Amino acid sequence: MSGALHARGMWLLAGLWLWSAATGATQPYTGPLFDAHLHYNDEACVHDAPAPGCPHPLSDVLDRMQRNGVRAIIANSRPNDGTKALAQARQQTRAAGVTVVPFIRLYRDRADYNNWFRDPSIAELVRTELAQGTPSGPYRGLGEFHLYDSANAQGAIARDLMVLADRQNLAVLAHVDDLAVEQLMQHVMDARQQQHTPGGASNREVVERGGPESGAGPPQGRFAPPWGAATREAVERGGPVLIWAHTGIGGTPVARVDELMARFPHLMGELSYRPGLTCENGQLCPDWRTLILKYPDRFLIGSDTWINQRWLYYDGLMQGYRTWLGGLPPEVARAVGWDNGARLFGLPEPGNRP
Ligand SMILES: [Zn+2]
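Residues numbered from 1 in each chain as written. Predicted model: local features only at pLDDT ≥ 70, side-chain atom pairs only at ≥ 80, totals over all residues.

Enquirer: How would you explain the pairing of strand E3 (residues 99–104) if you had to name every residue and give the values?
Expert: The buried fraction of E3 is high, at 6 of 6 residues. Residues Thr99, Val101 and Phe103 point to one face of E3 and Val100, Pro102 and Ile104 to the other, with burial holding for every one of them. Relative to strand E4 (residues 141–146), E3 runs parallel, the two sharing 2 bridges. When the bridges of E4 are listed, Ile104 appears paired with Leu142. (Buried ≥ 20, exposed ≤ 12 C-beta atoms within 10 Å, placed from the backbone. Helix = DSSP H or I, 4+ residues; strand = E, 2+ residues; numbered from the N terminus. Pairing = 2+ DSSP bridges.)

Here's what the structure looks like:
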C-alpha cells in the first residue's frame, strides 16, 4: 500500500469510528451469558409425554441456550419436575455447555401464585424439596415467587422462607415491589435481632424447636458466623442474596432502586421486563446506564420463560441483551452478562464452548 493510500485508509477508519460513535452503533457483547431467570414449566414440557405434551423438550431448550452462548441458568419450574429434568440430564447439559443452578419453585400449579404466602403446605413443599435435593446436587435458592400485593410479604410463610434462606445460604428470586423488598429483608433483620435479645432463642434451640429448616438443615456448624454474629447493621451490609426479578416491574423509579441497592448490598437486580430499561437502538436509557455503571456487580440478565412464547423468542431476548451489553465498557458487560451470576454460585470460568 502506498503512503497516500495508507493515509486515506486511516482517514476512512477514523471516519468510520466517528460515525459509529455519533450513531451509537456498537458491537454486541460476545461473551458468555448467565440466564438468571429461567422457567421450564409444564406448558413447555410435561416430561415423558410425547408432543404436544412436550412442545419444548430438553434438546430444544438446551439448543436454544447453546446457540445463544448461555452457559449457566437459574432453573426453576412449575411444578419442580422441569428443574429436576434439567438437573438430571447431566450428559446433555454438559454437551450443551450449560451449568444448571436449581431453585425450588413454590408453585405446584397456577393457583399457588396467589396463595403460597398463606398456605402452610407450601412451606412443607419447600422443606421436602430441600431435603431431597436434585439429581445434580442441592438446591441453591428459593423462587421465583410473586407478591402482587406487598402487604402479603408480611405473612408468616414469607417470613419463614426468608429466614430459612438466610440460615441455609440460599438465594431468593422474588417478583415483588420495592416495599416488599424492604419487608422481606426486615424479616431477616428481625429474626437475627431476636437471636441476640436476652431471652431470645439460641441457634440450637431454634433448630431443635423445629423451625422452618428442621429436618433439612445443614450441619449445626453452618449456623455460626455470619448468622450468629449478625446485628441489624450486619444484615443491612449482608443478609441473604435477594435477586429482585425484573428490578421493579411496575416501574419503580431508578432513584428508589438506587436507594435499595445502597442499603442492601446482597440485593441483585434481574432485568427482564424492566420498563424504561432500553431506549434508542436497543441501548440502555441514560439513567439505567448510570445506575448499572454505579453498581456493576449487582445486575443480572434473564429470559423469564414463563410462557412458551418466551421460548420461541429466546434468541431475540438474548440478542437484545447482547446489544445493550455491547454499549457498556467490556468489563461491565462481562460482569452483568456472566460474572455476577457465576460469582453468586461459585461457578468456574465457562471456557470455550464444546
Ligand atoms: Zn418469572
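Enquirer: Account for the nonpolar core, naming residues and giving values.
Expert: In terms of nonpolar packing, the biggest core is built from 93 residues, with Ile73, Val172, Leu184, Leu242 and Ile243 touching the most fellow members. With near-sequence residues (within four places) excluded, Leu242 lies in contact with Val172, Ala174, Val181, Leu184, Met185, His266 and Leu267. (Core = buried A, V, L, I, M, F, W, Y, C linked by C-beta atoms within 7 Å. Contact = placed C-beta atoms within 7 Å.)

Enquirer: Lay out the environment of Leu173 in plain terms, naming residues and giving numbers.
Expert: Mapped onto the elements of the fold, Leu173 is located in strand E5 (residues 171–175). On the basis of neighbour counts, which here come to 25 C-beta atoms within 10 Å, the residue Leu173 falls in the buried class. When the C-alpha atoms of Leu173 and Phe145 are compared, they prove to be 6.7 Å apart, with 28 residues separating the residues in sequence. Aside from chain neighbours lying at most four places away, what touches Leu173 is His37, Ile74, Phe103, Gly141, Gly143, Glu144, Ile243 and Ala245.

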